[in-house]
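# Analysis of the macromolecular model
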There are 2 protein chains.
Amino acid sequence: MAIVHMAKREKRITIYDLAKSLNIAPSSVSKALNNSHAISSKIKKMVEDKAKELNYIHNTNAANLRRGFTRIIGVIVPKINESFFANIIAGIEKVCVQYQYSLIICQTEESLEKEVNAVKTLIRQNVDCILISLSLETQTTAHLEEIKNNHIHFIQFDRVSPAVDSYTVVNDNAAASYQAVKHLAEQGYQKIAYFGGPAHLNLYQERKKGYKNALKDLGLTFNEAFVKDEIISTENGRQEALSLLQADVKPDAFLCTSDYVSLGVLEALKTLNLTSPKDIGIIGFANEMFTQLIQPSLSSVNQFSYEMGEQIAKLYFDEVMKNKENDKVKSVKVKTEIVERSSSSR
Amino acid sequence: MAIVHMAKREKRITIYDLAKSLNIAPSSVSKALNNSHAISSKIKKMVEDKAKELNYIHNTNAANLRRGFTRIIGVIVPKINESFFANIIAGIEKVCVQYQYSLIICQTEESLEKEVNAVKTLIRQNVDCILISLSLETQTTAHLEEIKNNHIHFIQFDRVSPAVDSYTVVNDNAAASYQAVKHLAEQGYQKIAYFGGPAHLNLYQERKKGYKNALKDLGLTFNEAFVKDEIISTENGRQEALSLLQADVKPDAFLCTSDYVSLGVLEALKTLNLTSPKDIGIIGFANEMFTQLIQPSLSSVNQFSYEMGEQIAKLYFDEVMKNKENDKVKSVKVKTEIVERSSSSR
DNA sequence: AACTTATTGGAAATCGATTTCTAAAATATT
DNA sequence: AATATTTTAGAAATCGATTTCCAATAAGTT
């Protein structure tokens, strides 16, 4: 796409205009507006009044250049309009306005190339910090190291790469799926299948680990055929469930790492004339809105996405910002909760 | 909340560093990097190589200050994590990256005060354009005029104020609700109630207008008691539906201006032992994900939110940006579509 | 070869704030 | 009253690019 160039905007009122009309120095105007203690309250009052009168608006751009930071935080997510990420962004925004920070949002649409470009854009924009959740494609991390090379603060969340040393905010994914399996077992399900996402993502490794550990601890047998990775859409879930449920040895429950996949399992049950929770137990991840509206309602792991957003932003303001060397990075775990609904209650 | 000040970041490589290490002038470096025709390809090559070698990253801030524009577009929405707005933002982002523009996102949480602050922040940040959908509270528009006073391009979308002269992108709301009523009538519903939002919003005035016009054209009687404003949540919808359905003269269908309200109507039906579509027809607005998943599935007006986002951004790049005086503003209508599902099909 | 015209690199001004340093004025101290 | 100290305003440098203008060189023309 061609890059279009814009005409320069008409000039705004500057501190020089204020200074001239008050017959004082621009530096004094600046100090007055910044409430510096090195300027009298008489001049402060004068300047403030004149600023209001002439409709002066501070030019952040000029100040940023001089100060060296921008009060802007960059956020990179796979998809802005996926409710999990939309909630996280909303939570981040809520906290950022309180600190008078702005947010630049980029989406990668699950593409590494777009992710690399987004990182470049944010570095160019001089953001103070980058908050990122990796795309499904991301397996290299040179672009993340680049953030650190440019001395920009950096927090990974949800989909993180342990290969890069940084602050992280994640759910305790291993514990969450452990709890989910335990819940299914308590409801009497014995042969529990696991539908995970791309195996190179730490997030899914953790969930699989929790699943396996729970089976072991509960004395349930582990069946390699019941474990599928790369199941991330409703359609994937439907097909894999169909094939598993038509095999000789069938599962009696599914732990899905997405509610959309649960939905696919449900569709498969319908075509096979099976019902949940009677024949098959189902539990998903994310606690999407629709899980409580459909029949049967779907059990799910609530990931507290909005709260995760708040915690990410708070981590930045409370810790990262004050840690100049970005050493002693820290990992924050966000609580999860098993929401028991029909699909796993018998 | 206290404003925290940040330490200045460590210095990055600048064009002065490149110039020094190549023994040429900074201005030549700038021209080389901008692919100016006033510089030889020999020097361009030299500069590009050295830039790569030293990991030079362009400082947008400095360039912005000099150029007078930022390649940043500000977006203000009531809630980032409402799927309608999340989709719009995603659509806007999709187009903006193609033009190498970044997005600053603000949410008002339906508060005028936050909206005013968001506008101020965006003006300070020197954005090239502000895209805004008004909060429910917004009835004054001084802050919007302020955008124009600062010569910042400006597009209103979805929830717009006709009191402010600006580009707008909206659904044809009158036509949409007209079609919705027509659809209900065709299915044999005669006494159609209307649940709208705050009456001061143009959006809802239009929808009510379409509703009334459709009734007239179709020869259906208009009943003032069947028209309610300020019904925007599931709970509102449930209560009002309950009260209407227990009155002497009852409606046999509901046109809801939100799918969440439809959901409330559905709840009311359950407590009254009525069913949809047999006893009562329902159609909502927004075509939310859940409308096709629940029982009965809910008919809805698809507003094509993602496409609306794309069109907003395209309007900016194709027209607004080129129209220096911002005169001859234009209103873009985004198509809608009646999605017929069980709740209105008998 | 002499002259005109096109290219191309560099010096310096500029964008609009912040900040350091200096000096004058106000206040405090003896 | 003389001196020491503190306040306060302003001059000038600075952030890192872009852009205008000029001069030197290269290329083209007769």
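In this report, the structure presented in the accompanying data block is examined.

Cut-offs applied
Residues numbered from 1 in each chain as written. Chains lettered and ligands numbered in written order. Predicted model: local features only at pLDDT ≥ 70, side-chain atom pairs only at ≥ 80, totals over all residues. Heavy atoms only, no water. Near = heavy atom within 4 Å. Polar contact = N/O pair within 3.5 Å; in protein donor to acceptor, adjacent residues only side chain to side chain. Helix = DSSP H or I, 4+ residues; strand = E, 2+ residues; numbered from the N terminus. Nonpolar A, V, L, I, M, F, W, Y, C, P; charged D, E, K, R; others polar. Salt bridge = Lys/Arg side-chain N within 4 Å of Asp/Glu carboxyl O. Buried < 20%, exposed > 50% of the residue type's maximum accessible area, 1.4 Å probe, protein only. Axes fitted to C-alpha atoms, helices over the stretch in contact; angles between N-to-C directions. Parallel < 35°, antiparallel > 145°, perpendicular 65-115°, else oblique. Left-handed = near helix turned anticlockwise from the far one by under 90°. Contact = heavy atoms within 4.5 Å. Core = buried A, V, L, I, M, F, W, Y, C linked by side-chain atoms within 4.5 Å. Buried area = accessible area lost by both parts, 1.4 Å probe. Phe/Tyr/Trp six-rings, centres within 6.5 Å; stacked < 30°, edge-to-face > 60°.

In the vicinity of DNA strand D there are 27 residues, among which Lys31 and Ser40 of chain A together with Ile15, Ser30 and Arg66 of chain B approach most closely. Taken together, the sugar and phosphate atoms account for 60% of what DNA strand D places within 4 Å of the protein. A distance of 2.9 Å is found between a phosphate oxygen of DNA strand D and a side-chain nitrogen or oxygen belonging to Asn34 of chain B. With four residues, the single largest contributor to the surface near DNA strand D is helix α4 (residues 60-67) of chain B. The class makeup of the residues in the surface near DNA strand D is 11 nonpolar, 10 polar and six charged.

Looking now at the pattern of salt bridges. All names here are of chain A. According to the stated counting rule, one finds 25 salt bridges over all chains in the structure shown. When the shortest N-O distance is used, the salt bridge between Lys94 and Glu310 registers 3.4 Å. Residue Lys94 is found in helix α5 (residues 83-98), and its partner Glu310 is found in helix α12 (residues 305-318); the two are separated by 216 residues along the sequence. Note on Lys94: relative accessible area 26%, which makes it partly exposed. Note that Lys114 is salt-bridged to Glu109, the shortest N-O span being 2.5 Å.

Another aspect to go through is the packing of helix α8 (residues 173-186) of chain B against helix α9 (residues 202-218) of chain B. Residues and elements named next belong to chain B. At a minimum axis separation of 7 Å, α8 and α9 run at an interaxial angle of 40°. Classified by the interaxial angle, the pair formed by α8 and α9 is oblique. Where α8 crosses over α9, the two elements pack in a sense that is right-handed. Only Leu203, Glu206, Arg207, Gly210, Tyr211, Asn213, Ala214, Leu215, Asp217 and Leu218 of α9 make contact with α8, whose side of the interface consists of Asn173, Ala174, Ser177, Tyr178, Val181, Lys182 and Ala185. Its residues assigned to classes, the contact of α8 with α9 shows nine nonpolar, four polar and four charged.

Moving on, we get to the nonpolar core. If you look at the biggest cluster of nonpolar residues, it comprises 84 residues, and the most contacted ones within it are Phe254 of chain A together with Phe254 of chain B. Once you skip the residues sitting within four places of it in the chain, Phe254 of chain B turns out to touch Leu184, Ala193, Phe195, Ala241, Leu244, Leu245, Val265, Ile280, Gly281, Ile282 and Ile283 of chain B. Of all hydrophobic cores here, the second largest spans 66 residues; its members include Tyr99, Leu103, Met308 and Leu315 of chain A.

This part is about the interface of chain A and chain B. Residue-level contacts link 68 residues of chain A with 68 residues of chain B. Between chain A and chain B lies a buried interface of about 6600 Å² when both sides are counted; carbon and sulfur atoms form 56% of it. Counting across the chain A and chain B interface gives zero salt bridges. For the interface between chain A and chain B, the tally reads 16 residue pairs in polar contact (both at pLDDT 80 or more). Mapped onto the side of chain A that touches chain B, the elements with two or more residues apiece are α4 (60-67), α5, β2 (102-107), α6 (112-124), α11 (259-271) and α12 of chain A. Considered class by class, the residues forming the side of chain A that touches chain B number 33 nonpolar, 21 polar and 14 charged.

All names here are of chain B. The tally for this structure, following the rule as stated, stands at 16 aromatic pairs over all chains. Ring centres of Tyr101 and Phe317 lie 5.0 Å apart, and the angle between their planes is 80°; on these two criteria the pair is classed as edge-to-face. In this pair, Tyr101 is assigned in the loop between α5 (83-98) and β2 (102-107) and Phe317 in helix α12 (residues 305-318), connecting sequence segments 216 residues apart. For Tyr101, a relative accessible area of 4% gives the class buried.

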